[in-house]
Amino acid sequence: MKLWQLSAIELASGISKGEFTATQVVTEHLERIKEVNAALNAIVVVMAETAIKSAAEVDRARAKGERLGPLAGVPMTIKENIDCVGTATTQGVPALAEAFPTMNSPIVDRMLAAGAIPIGRTNLPEMGLRLHTDNALRGPTINPWNADRTTGGSSGGEAVALATGMSPIGLGNDIGGSLRNPANCCGIASIKPTQGIVPHAVTIPSEDEPISFQLMLSDGPMARRVADVRLGLDLMRGHHPRDPNSMSAELSTIDRPLKIALMAEPPGGDTDSRIADVTRNAASALEAAGCIVTQASPPGMVQMIELWTHLLDNDVSLTLPLLAPLLSGDAMAFLEDFRDGRQTPSVEDYGTWLTTRMAVSRQWATFFGEHDLLLSPTWTQLPFHVGWDIAQKGRAVETMQQARCIMPGNALGLPSACVPSGMVDGMPVGVLLTGGRFSDYLCLDGAAMIETALGVETPIDPR
């Protein structure tokens, strides 16, 4: 097996034991990028020189017997809307092509402290505001499973880099499924953590972000293996002074069989029967692993699309006039279609939706008092064909409807993990495990059980 096929934990272990060097690991991943990235456009900045230098430093430290971090010598990739000193935080926008931060985002510093080595920056939609990865600065990222299908977004470049072995672990973020949408489309694993347990802070384009970002945006890890996602979460989480809403919290664990609520065909829209079958197969795998599975849907699922839309729409409507000169026609087409002709919400309207959010949160908390986790599809349809989401009016709304299962995680600040669980028409299909606040470990426990039984084999070779 080649080094680029190993998981982050396997690479860290091999480097620690002297089975191979950090320089060998980084060099082989750089070669892998040369082999496949030109056809995929997932990594838009390759940090070869600094990565090789950092790897040599790890090798020297290991030779001296120095204590190394849990990811010492392991390459990582970083989405281009996360600050990493020495590279631009472009947000996929030409106007920010030279926007170099003066400090790292907290999660970058924490991964560096663990010994991880940045090897590249990954692509995203403009300002992260589309479920397909394409922008006017870097161009489109190609799904390695099927070039005619979307990679998802907004962490689409990250998902493709991971799925094809260009990187073993990466950093993304999620306000509308952006960690989980591309994981579903590309056959990898990810978690949107409980809101606040992973600190979020950037300087570009603005250090003080809109209210919806404060309520619903979370940074998080992505990887091919659930165990790597869990390690990434552990390394990133905990209070940081640059994010006053961040917290150091104890995450739930239980010493009994997990109680799983199965929602194979979520209310609020149609579900492809094949995707529902993949979800039921995942439920059977959990049941075989000792979990207790019952069919149940939480209250307010139909309302969730409306709740999430209005919370985000308040800020989109206010910032769209400022964003318009920066965005491409495709990006504006999606955002205007998403807005669906609504007027800018009034203060009273926004207050009403915040009150609704509290009511729905209470209902879901009660639901998770009876069930540990909710198992559902990630998307209720297969990844759409490239361009479908902007081909005609109303498609943006349809796109969000098929991604409706991701919305509770953002709207209510809940943990939600995606894990690949099967194949339909040659495309990977992921399922979601969503839980109550601070049940991140439970989500990953369930995801690991499904991965063991049903997980899609990655990395794949797109050539």
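The following refers to the structure shown. (Residues numbered from 1 in each chain as written. Predicted model: local features only at pLDDT ≥ 70, side-chain atom pairs only at ≥ 80, totals over all residues. Heavy atoms only, no water.)

### Considering the pairing of strand β2 (residues 75-79)
Our working rule: A 1.4 Å probe rolled over the protein chains alone gives each residue an accessible area, and that area as a share of the maximum for its type sets the label: buried under 20%, exposed over 50%, partly exposed in between. Counting from the N terminus, the helices are DSSP H or I runs at least four residues long and the strands are E runs at least two residues long. DSSP bridges decide pairing: two strands pair if at least two such bridges lie between them. Clockwise travel from the first strand over the helix to the second, with the strands pointing away from the viewer, marks a crossover as right-handed.
Among the five residues of β2, five are classified as buried, and the element is accordingly described as predominantly covered. Residues P75, T77 and K79 of β2 are buried on one face, and the alternating residues M76 and I78, pointing to the opposite face, are buried as well. One ladder, built from five bridges, connects β2 with strand β3 (residues 117-122); its direction is parallel. Within β3, the residue paired with T77 across the bridge is G120. Between β2 and its parallel partner β3, the chain crosses via helix α4 (residues 106-113), and the hand of that crossover is right-handed.

### As for the pairing of strand β8 (residues 292-295)
In the case of a regular strand, side chains alternate between the two sheet surfaces. The sheet contact formed by strand β7 (residues 259-262) and β8 spans four bridges and is parallel. Residue I260 lies in a different strand from β8, and its bridge partner there is V293.

### A closer look at the packing of aromatic side chains
The line we're drawing: When the centres of two rings from Phe, Tyr and Trp lie within 6.5 Å, Trp using its six-membered ring, the rings pair. Their planes under 30 degrees apart give stacked, over 60 give edge-to-face, and anything left gives tilted. As a reminder, the over-ring test applies to NZ of lysine and CZ of arginine, requiring each to be within 6 Å of the ring centre and within 35 degrees of the ring normal.
In total, this model carries five aromatic pairs according to the counting rule given. With centroids separated by 6.1 Å and ring planes inclined at 55°, the aromatic side chains of W364 and F368 adopt a geometry described as tilted. Residue W364 and its partner F368 are located together in helix α12 (residues 347-370), separated by four residues, close to a single helical turn. When its relative accessible area of 1% is taken as the criterion, W364 is described as buried. In this structure F368 comes out as buried when scored by relative accessible area, which is 13%. With centroids separated by 5.9 Å and ring planes inclined at 10°, the aromatic side chains of W379 and F384 adopt a geometry described as stacked. Taking relative accessible area as the criterion, F384 reaches 4% and is therefore assigned buried. Here a set of aromatic residues connected by ring pairs shows up, and it is made of W364, F367 and F368. Here the guanidinium or amino end of R32 rests over the ring plane of W4, the centre of that ring lying 3.6 Å away.

### Points about the packing of helix α10 (residues 301-323) against α12
Inclusion rule: Lines fitted to C-alpha atoms define the axes here, with helix axes fitted over just the stretch in contact, and angles between the N-to-C directions of these axes take values from 0 to 180 degrees. Any angle from 65 to 115 degrees is called roughly perpendicular, while one under 35 is roughly parallel, one over 145 is roughly antiparallel, and all others are oblique. Two helices that cross are described as forming a left-handed crossing if the nearer one is turned anticlockwise from the farther one by less than a right angle, and a right-handed crossing if clockwise. We call two residues contacting when some pair of their heavy atoms lies within 4.5 Å. Polar here means any residue other than Ala, Val, Leu, Ile, Met, Phe, Trp, Tyr, Cys and Pro, which are nonpolar, and Asp, Glu, Lys and Arg, which are charged; Gly is therefore polar.
Axis separation between α10 and α12 bottoms out at 10 Å; the angle between their running directions is 140°. Between α10 and α12, the interaxial angle falls into the category oblique. α10 and α12 meet at a crossing whose hand is left-handed. In contact with M301, Q303, M304, E306, L307, H310, L311 and N314 of α10, α12 contributes Y350, W353, L354, T356, R357, V360 and W364. Class assignment for the residues of the contact of α10 with α12 results in nine nonpolar, four polar and two charged.

### Points about the state of the cysteines
Which entries qualify depends on this criterion: Note on terminology: disulfide denotes any pair of cysteine sulfur atoms within 2.5 Å.
As enumerated under the stated definition, the model contains zero disulfides in all. Between C185, a free cysteine, and C186, which holds the nearest cysteine sulfur, the sulfur-to-sulfur gap is 6.0 Å. Here C291 is not disulfide-linked; the sulfur of C443 is the nearest cysteine sulfur, at 12 Å.

By themselves these figures say nothing about function.
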